[in-house]
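# Fold and contact review
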Amino acid sequence: MKRIKSLLVVVAGLVMGLAATAVQARTLDEIKADGKIIIATEGAYPPFNYFQGSKLTGFEVELAEAMAKKMGLAVEWKALSFDALLAGLRQDRWDMVIASFGITADRSKAVTFTSPDYCSGGVIVSKDPNIRTADSLVGKTVAVQTGSTYMENVKKIPGVKDVKNFPQDTDARSALINGRVDAWVSDRFVVKNVMATSPNSGLKTGGYLFVERIASAVKKGNMPLAAAIDKALADVMADGTYKAISEKYMKEDIRCK
Ligand code: ARG
């Protein structure tokens, strides 16, 4: 009996200790009371999230601001490296992440995704017009952003000579432009933007290597916040705001059809 009692004391102590260390994600009510939502992004992924001088801008930045407005909230932005973003949700360092994350089964184990902001996919980009499909990557060196779905999907292609990782997607692009790799795999609209802004780059692109749905994320299980974000997204999609922002950056409406 005594032993059971002391065991119970130990268990109770452990539970209390855990409760004290597990910081709680801010609830929707707490965020509303504060008046501002803390959103993290990368800031190095044009035209979705990037810096124009010292100003954070892009499709996702404007979209998130429009959504926050619908929720009656101001935004406090944090810009961090891509690989730090989802981990920071777990540690309650911010309320939401918007950085073109594709919804994957693995990521869904760690965070809660909202409804998709847009639908896109990875495309192969090269200076060599013969490099357009997965098969044509056999024996080639491919640049991708570290931790991206491009990295994951290129690694699955048998026969690729080398997958070179770069912390930023723009560095993977530079590696291709400078001739250090044979191909770069990135988002279709990122590539469309590069083609439009540097028409003389000599880059060619094929069709989709894979498609994905891109969404914002909140801390795993923070359902009231996810629902409020979904509602705000539906609102901006319904009132023309989404379309205007999408056409400004992408020259087309990129919502999932
Ligand atoms: N869509 C890709 C993924 O889900 C790339 C996202 C890159 N985002 C960024 N902010 N660099 O992994």
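None of the values given here were measured: they were computed from a predicted structure.

### As for the pairing of strand E3 (residues 49–52)
Pairing between strand E2 (residues 44–45) and E3: two bridges, direction antiparallel. Note that in E3 the partner of Tyr 45 across the bridge is Asn 49. Between E2 and E3, which follow one another and run antiparallel, lie three residues. The pairing of E3 with strand E4 (residues 55–57) spans three bridges and is classified as antiparallel. Across the sheet, Tyr 50 pairs through a bridge with Thr 57, a residue of E4. In this antiparallel pair of consecutive strands, E3 and E4, the connection spans two residues, and Gly 53 shows a positive phi of 65°.

### Details of the state of the cysteines
Counted by the stated rule, this structure contains one disulfide. The residue that forms a disulfide with Cys 119 is Cys 256, at a sulfur-sulfur distance of 2.1 Å. Taking the sign of the S-S torsion, 95° for the link of Cys 119 and Cys 256, the bridge is right-handed. Here Cys 119, found in strand E7 (residues 111–126), pairs with Cys 256, found in the segment after helix H10 (241–250); they are 137 residues apart in sequence, far enough to count as distant.

### Here we look at helix H3 (residues 59–70)
Here H3 spans 17 Å end to end across 12 residues, near enough to the 16 Å set by a 1.5 Å rise per residue. Among the residues making up H3, those that are buried are Phe 59, Glu 60, Val 61, Leu 63, Ala 64, Ala 66, Met 67 and Ala 68. Where H3 ends, the next residue or the one after it, Gly 72, has phi of about 75°, a positive value.

### Some thoughts on the sheet that holds E3
In a beta sheet, neighbouring strands pair by backbone hydrogen bonds and run either parallel or antiparallel. The strand order across the open sheet formed by three strands is E2-E3-E4, and the pairing between neighbours is antiparallel. Of all the strands in the sheet, the pair left with one neighbour each is E2 and E4.

### Quick word on the site of the ligand
In the vicinity of the ligand lie 15 residues, with Glu 42, Gly 102, Arg 107, Thr 149 and Glu 212 positioned nearest. At 2.6 Å, a side-chain N or O of Glu 42 approaches a nitrogen atom of the ligand. For the ligand, an oxygen atom lies 2.7 Å from a polar atom in the backbone of Gly 102. Relative to its free-state accessible area of 340 Å², the ligand is covered by the protein chains to the extent of 100%. By residue number, the principal contributor to the shell around the ligand is strand E6 (residues 96–102), which donates four residues. Class assignment of the residues belonging to the shell around the ligand gives a composition of six nonpolar, six polar and three charged.

### Here we look at unusual backbone geometry
With an omega of 5°, the peptide bond running from Pro 46 to Pro 47 counts as cis. Locating Pro 47 in the fold gives a position in the loop between E2 and E3. We note that Asp 92 has phi near 60°; this positive angle belongs to a residue other than glycine. For Asp 92, the location among the structural elements is in the loop between helix H4 (85–90) and E6. A relative accessible area of 21% means that Asp 92 is categorised as partly exposed.

### Looking at the sheet that holds strand E10 (residues 183–187)
The strand order across the open sheet built from eight strands is E5-E1-E6-E11-E7-E10-E8-E9, with neighbouring strands paired in mixed fashion. Of all strands in the sheet, those bounded by a partner on one side alone are strand E5 (74–79) and strand E9 (162–166). With direction set aside, neighbouring strand axes in the sheet form an average angle of 25°. The pairing of strand E1 (residues 36–41) with E6 spans two bridges and is parallel. Considered in E6, the bridge of Ile 39 is made with Met 96. With respect to the sheet, helix H7 (residues 169–177) is in contact with E7, strand E8 (141–145), E9 and E10, its orientation differing from that of E10 by roughly 150°.

### Section: the pattern of salt bridges
The tally for this structure, following the rule as stated, stands at 15 salt bridges. Ionic pairing is found between Arg 26 and Asp 34, a salt bridge with its closest N-O pair at 2.8 Å. On the basis of relative accessibility, which here comes to 23%, the residue Arg 26 falls in the partly exposed class. Between Lys 219 and Asp 92 there is a salt bridge whose closest N-O contact spans 2.9 Å. Taken together, the positions of Lys 219 in strand E11 (residues 204–219) and Asp 92 in the loop between H4 and E6 put the pair 127 residues apart, joining distant regions of the chain. When salt bridges with common partners are traced through the structure, they connect Arg 26, Asp 34, Lys 36, Glu 76, Lys 78 and Asp 95 into a single cluster.

Calculation criteria
Residues numbered from 1 in each chain as written. Predicted model: local features only at pLDDT ≥ 70, side-chain atom pairs only at ≥ 80, totals over all residues. Heavy atoms only, no water. Pairing = 2+ DSSP bridges. Helix = DSSP H or I, 4+ residues; strand = E, 2+ residues; numbered from the N terminus. Disulfide = S-S within 2.5 Å. Expected span 1.5 Å × (residues − 1). Buried < 20%, exposed > 50% of the residue type's maximum accessible area, 1.4 Å probe, protein only. Near = heavy atom within 4 Å. Polar contact = N/O pair within 3.5 Å; in protein donor to acceptor, adjacent residues only side chain to side chain. Areas by Shrake-Rupley, 256 points an atom, 1.4 Å probe, with all protein chains shown as cover. Nonpolar A, V, L, I, M, F, W, Y, C, P; charged D, E, K, R; others polar. Axes fitted to C-alpha atoms, helices over the stretch in contact; angles between N-to-C directions. Contact = heavy atoms within 4.5 Å. Salt bridge = Lys/Arg side-chain N within 4 Å of Asp/Glu carboxyl O.

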